[in-house]
Amino acid sequence: MLEKELIAKLEQRVEEINRLFPNEKVTLETLLNKILTKYLERKEESNKTTSGTEWVNFRRKIAKKMWQEAKHQCFYCKRQISFRLSTIDHKFPVGRGGELLNTENMVVCCKWCNKDKDILTDKEYFYKQLHNTANGIRPE
Ligand SMILES: [Zn+2]
C-alpha cells in the first residue's frame, strides 16, 4: 500500500472514531501511539509466557510432588492418571493474565482435560464439562 493511501485510510479511521467517541479527541498521532503501546505490551506479555525456560525448570522441580499430592488424580475429570499422562494446568490461564509460577494457580490434570480446557478458567471449564457430559464427550 502506498504511504499516501495508508495515511488517508488512517485519517479516515480517526474521523470515524471521533464521530463515534467525540469526547476522546483522537488524532492520528495519539491513535498510533495507543496502537504501538498496546502492541508493545502484548509483545512483552507473550515474551513472558513463551520464554518458557523459567516454567520448564519450575515444572521439573514440582511436577512429581504435585502429582503425588493430588493422589494421582486429574483435578477436572477425577480419573487416576499415571505421572507420564499428568500435566500441570494453570486454573487461571497465563495467556489471560494468570500467574505462571504460583502453585496456588496450578492443578494436576490429565492431558486430555488440559487440552479440552484450553484457555478457559477452571470455573468456565466446569461448565464445559457439564456440556461434555450432556453430550457424551469423555476424556480418552
Ligand atoms: Zn482429566
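Our structure is the block above this text.
Report follows, based on the coordinates. (Residues numbered from 1 in each chain as written. Predicted model: local features only at pLDDT ≥ 70, side-chain atom pairs only at ≥ 80, totals over all residues. Heavy atoms only, no water.)

1. Considerations on the packing of aromatic side chains
Item 1. What the rule picks out here adds up to 5 aromatic pairs.
Item 2. The interplanar angle of 85° and the centroid separation of 5.0 Å between the aromatic rings of phenylalanine 75 and tyrosine 76 together place this pair among those described as edge-to-face.
Item 3. Relative accessible area serves as the criterion here: at 36%, phenylalanine 75 is assigned to the partly exposed category.
Item 4. Taking the relative accessible area as the measure of exposure, tyrosine 76 reaches 7% and is therefore buried.
Item 5. In this structure, lysine 78 packs its charged tip against the face of phenylalanine 75, placed 5.1 Å from the ring centre.
Item 6. Above the plane of the ring of phenylalanine 92 lies arginine 96, whose end atom (NZ or CZ) is 5.9 Å from the centre. (Phe/Tyr/Trp six-rings, centres within 6.5 Å; stacked < 30°, edge-to-face > 60°. Buried < 20%, exposed > 50% of the residue type's maximum accessible area, 1.4 Å probe, protein only. Lys NZ or Arg CZ within 6 Å of the ring centre and 35° of its normal.)

2. With respect to the coordination of the zinc ion
Each angle at a metal carrying four tetrahedral donors should ideally be 109.5 degrees, and each at a metal carrying six octahedral donors should ideally be 90 or 180 degrees.
Item 1. Binding of the zinc ion to the protein goes through Cys74 (SG), Cys77 (SG), Cys110 (SG) and Cys113 (SG), at separations of 2.3 Å.
Item 2. In this structure, the zinc ion is coordinated by 4 donor atoms arranged in tetrahedral fashion, with angles at the metal of 100 to 117°.
Item 3. In the primary structure, the donors to the zinc ion are separated according to the pattern C-x2-C-x32-C-x2-C. A residue pair is termed long-range when its members are at least 10 positions apart, and cysteine 74 in the loop between α3 (53-69) and β1 (86-90) and cysteine 110 in strand β2 (residues 106-110) qualify at 36 residues. Across the pair, exposure class does not vary: cysteine 74 and cysteine 110 are buried alike. (Donors = N, O, S within 2.8 Å, 3.2 Å for Na, K, Ca; no water. Tetrahedral: all angles 85-135°; square planar, octahedral: opposite > 155°, others 65-115°. Helix = DSSP H or I, 4+ residues; strand = E, 2+ residues; numbered from the N terminus.)

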